[in-house]
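Below, each chain spelled out in residue letters.
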Amino acid sequence: MKTESSNDVTRILVVGGGYVGMYTALRLQRKLKQELHQGTVEVIVVDPEPYMTYQPFLPEAAAGLISPRHVVVPLRRVLPQCKVVIGEVTALDHTDRRATITTLAAEETGNGAIEVAYDEVVLAPGSVSRTLPVPGLADVGIGFKTVEEAIGLRNHVLGQLDIASSTRDPAVRDAALTFVFVGGGYAGVEALAELEDMARYAVRYYHNIQPEDMKWILVEATDRILPEVGPDMGRYAVRELRARNIDVRMETRLDSCEKRVAQLSDGSRFPTRTLVWTAGVKPHPILAATGLPLNAHGRLKCTPALQVDGVEHAWSAGDAAEVPDLTAPPPAKPDEPRAVCAPNAQHALRQAKVLAENVAAAVRGGPIQDYEHKYVGSVASLGLHKGVAHVYGRKLKGYPAWFMHRAYHLSRMPTFNRKARVLAEWTLAGLFKREIVSLGSLENPRAEFELAAGTGRHNEAS
């Protein structure tokens, strides 16, 4: 199936519905409102999921402080003037300006993919988890990048408490109560801190489990955690976690996790049923299939105006792009590379605004502008009422940092609807006790019916 681009219609293809993709499309439908209404411009957004996930709230969703459906923003609701296609771009021929998209319908019917012609393309597919060839990792590892993984991990942790409470086998109990997190960045530290908070609260309702029975282990290959908040706040975070009996192991790697045993580079061995992998991300594989210029790490080389370097009508930002940082001091030597913007949410949100302005200017024939934003700092949560922050040169810790973390991310949450729902849930969580119910059966909703219809425990003689 082919979709031709009409000479009378300028088609903008946005690959990805994450931070950059959704915010770019959102601003484009405002900037090009008249053209969209007249039908002279068309914006198509392609993403495998029908929603954008606000990832900074995944740890709180995993801890049960925010409902999972309030961590995501439905693309069709916020982008009514755009065409949203649920699928994945599998090939891109920028010479002919055509993209091949595999949709859910194409997979079901076998009729092939959709081929879409475009005039301008915004490449914002985001990133995927960066895994290493660690023996056993593919079999037992749990990721923490999607809302499904966050809620699955919550159910899994609570399920391990149930296993530990109901067994008399010390080996099974010890493995169920050992939780290993690999990666000391935002995702790993915040996920571990929030889940440890939740589990510590939950075990008060188990007659035979004490908080000190649990082992929480953070494994980081470098010499510090949370590098974005600076060395001082990183060291404070380590002290805070260790004060909660969390085993923080720096300059340590995971060598193996075969047979549910985490083998570390320092010689330690931990039988565990929970291994969470948050050791970094890498650019989406589709970028390598575009034929566009990439850097050594697989990200698109871009100009300060967020245009793919040396390529017209192609734009990118966020995780997918290497964008020069105009606020950084010039390199000391002429042959040294210029500093680039870190691939984080703070830059992605601001780049999306400039990106949409430039794409709109390209469509209308106006001037484009460079992206220039000085990094203001970072905030991180270490659990309920605990956090660290390094913002505008000021260092905060404890409750003030935690409050700033919530306030900042609430302000960046898209749509007033989602802001109000998240704020309401925080308010209710402060008034009532935590929910500690595991709904692991949601991951296999047909299991009960299959038991009843087959040879399971509900099989009855006719």
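To be clear, the structure that these remarks concern was listed above.
Only a predicted model underlies this, so the values are computations on that prediction, with no experimental measurement involved.

Draft legend 1. Spotlight on the overall build of the chain. Within the chain, the secondary structure is distributed over 14 helices and 25 strands. Computed over the C-alpha atoms, the radius of gyration of the chain is 24 Å, within 12% of the 23 Å expected from 2.2 N^0.38 for a compact globule of 462 residues. Burial status across the chain gives 49% buried among its 462 residues. Relative to all contacts within the chain whose residues are 6 or more apart in sequence, the contacts with residues 24 or more apart total 65%.

Draft legend 2. Spatial organisation of the layout of surface pockets. Here the second largest pocket is characterised by a volume of approximately 470 Å³. Lining the second largest pocket are 19 residues; nearest its centre among them are Gly-64, Leu-65, Ile-66, Arg-154 and Glu-435. Elements that contribute at least two residues to the lining of the second largest pocket include exactly α7 (147-166) and α13 (416-431). Here the residues of the lining of the second largest pocket are counted per class, giving eleven nonpolar, three polar and five charged.

Draft legend 3. Structural context of the sheet that holds strand β16 (residues 261-264). Here three strands make up an open sheet; going across it, the order is β15-β16-β17 and the pairing antiparallel. The open sheet has two free edges, formed respectively by β15 (254-256) and β17 (269-271), since each of these has just one partner strand. Adjacent strand axes in the sheet meet at a mean angle of 35 degrees when their direction is disregarded. Pairing analysis gives two bridges linking β15 to β16, with the strands arranged antiparallel. Residue Leu-254 lies in a different strand from β16, and its bridge partner there is Leu-264.

Draft legend 4. Highlighting helix α11 (residues 345-364). Taking 1.5 Å per residue as the helical rise, α11 with its 20 residues ought to reach 28 Å, and the 29 Å between its terminal C-alpha atoms agrees with that figure. After α11 finishes, the residue Gly-365 shows a positive phi value of roughly 85 degrees.

Draft legend 5. Representation of unusual backbone geometry in the model. Of note, the phi angle at Leu-226 is positive, near 45 degrees, even though the residue is not glycine. Residue classification places Leu-226 among the buried positions, given a relative accessible area of 0%. The backbone of Leu-306 sits at a positive phi, close to 70 degrees, despite the residue not being glycine. Summarising the element assignment, Leu-306 is placed in the loop between β20 (300-301) and β21 (314-316).

Draft legend 6. Representation of the packing of aromatic side chains within the structure. Within this structure, the stated rule accounts for eight aromatic pairs. When the ring of Tyr-19 is compared with that of Tyr-54, the centres are 6.0 Å apart and the planes differ by 80 degrees; the resulting orientation is edge-to-face. Of this pair, Tyr-19 sits in helix α1 (residues 19-31) while Tyr-54 sits in the loop between β4 (51-53) and α3 (58-62); the two residues are 35 residues apart in sequence, bridging distant segments of the chain. As far as the burial class goes, Tyr-19 and Tyr-54 line up, both buried. Ring pairs connect the aromatic residues Tyr-19, Tyr-54, Phe-57 and Trp-426, which therefore count as one cluster.

Draft legend 7. Region of interest: the sheet that holds strand β12 (residues 178-182). Read across the open sheet, the five strands follow the order β11-β18-β12-β13-β14; overall the sheet is parallel. Each of the sheet's edge strands pairs with one partner strand only, and the pair in question is β11 (141-142) and β14 (246-250). Note: β11 against strand β18 (residues 274-277), two bridges, orientation parallel. Following the sheet pairing, Gly-141 is matched in β18 by Leu-275. Running at roughly 155 degrees to β18, α7 makes contact with β11, β12, β13 (215-220) and β18 of the sheet. Seen against the sheet, helix α10 (residues 230-243) touches β13 and β14 and runs at an angle of roughly 140 degrees to β14.

Draft legend 8. Seen up close, the packing of helix α12 (residues 399-412) against α13. α13 packs onto α12 with a crossing angle of 155 degrees between their chain directions and a minimal axis gap of 9 Å. Taken together, the axis directions place α12 and α13 in an arrangement best described as roughly antiparallel. The interaxial crossing formed by α12 with α13 has right-handed handedness. Between α12, through Arg-406, Leu-410 and Ser-411, and α13, the contact on the second element is made entirely by Lys-419, Val-422, Leu-423 and Trp-426. The residue makeup of the contact of α12 with α13, split by class, is four nonpolar, one polar and two charged.

Rules of the game
- Residues numbered from 1 in each chain as written.
- Predicted model: local features only at pLDDT ≥ 70, side-chain atom pairs only at ≥ 80, totals over all residues.
- Heavy atoms only, no water.
- Helix = DSSP H or I, 4+ residues; strand = E, 2+ residues; numbered from the N terminus.
- Rg over C-alpha atoms; globule rule 2.2 N^0.38 Å.
- Buried < 20%, exposed > 50% of the residue type's maximum accessible area, 1.4 Å probe, protein only.
- Contact = heavy atoms within 4.5 Å.
- 1 Å grid on protein atoms, 1.4 Å probe; cavity = no way out; pocket = protein on both sides within 12 Å on 5 of 7 lines; lining within 4 Å.
- Points joined across faces, edges and corners; volume = space filled by probe spheres on them.
- Nonpolar A, V, L, I, M, F, W, Y, C, P; charged D, E, K, R; others polar.
- Pairing = 2+ DSSP bridges.
- Axes fitted to C-alpha atoms, helices over the stretch in contact; angles between N-to-C directions.
- Expected span 1.5 Å × (residues − 1).
- Phe/Tyr/Trp six-rings, centres within 6.5 Å; stacked < 30°, edge-to-face > 60°.
- Parallel < 35°, antiparallel > 145°, perpendicular 65-115°, else oblique.
- Left-handed = near helix turned anticlockwise from the far one by under 90°.

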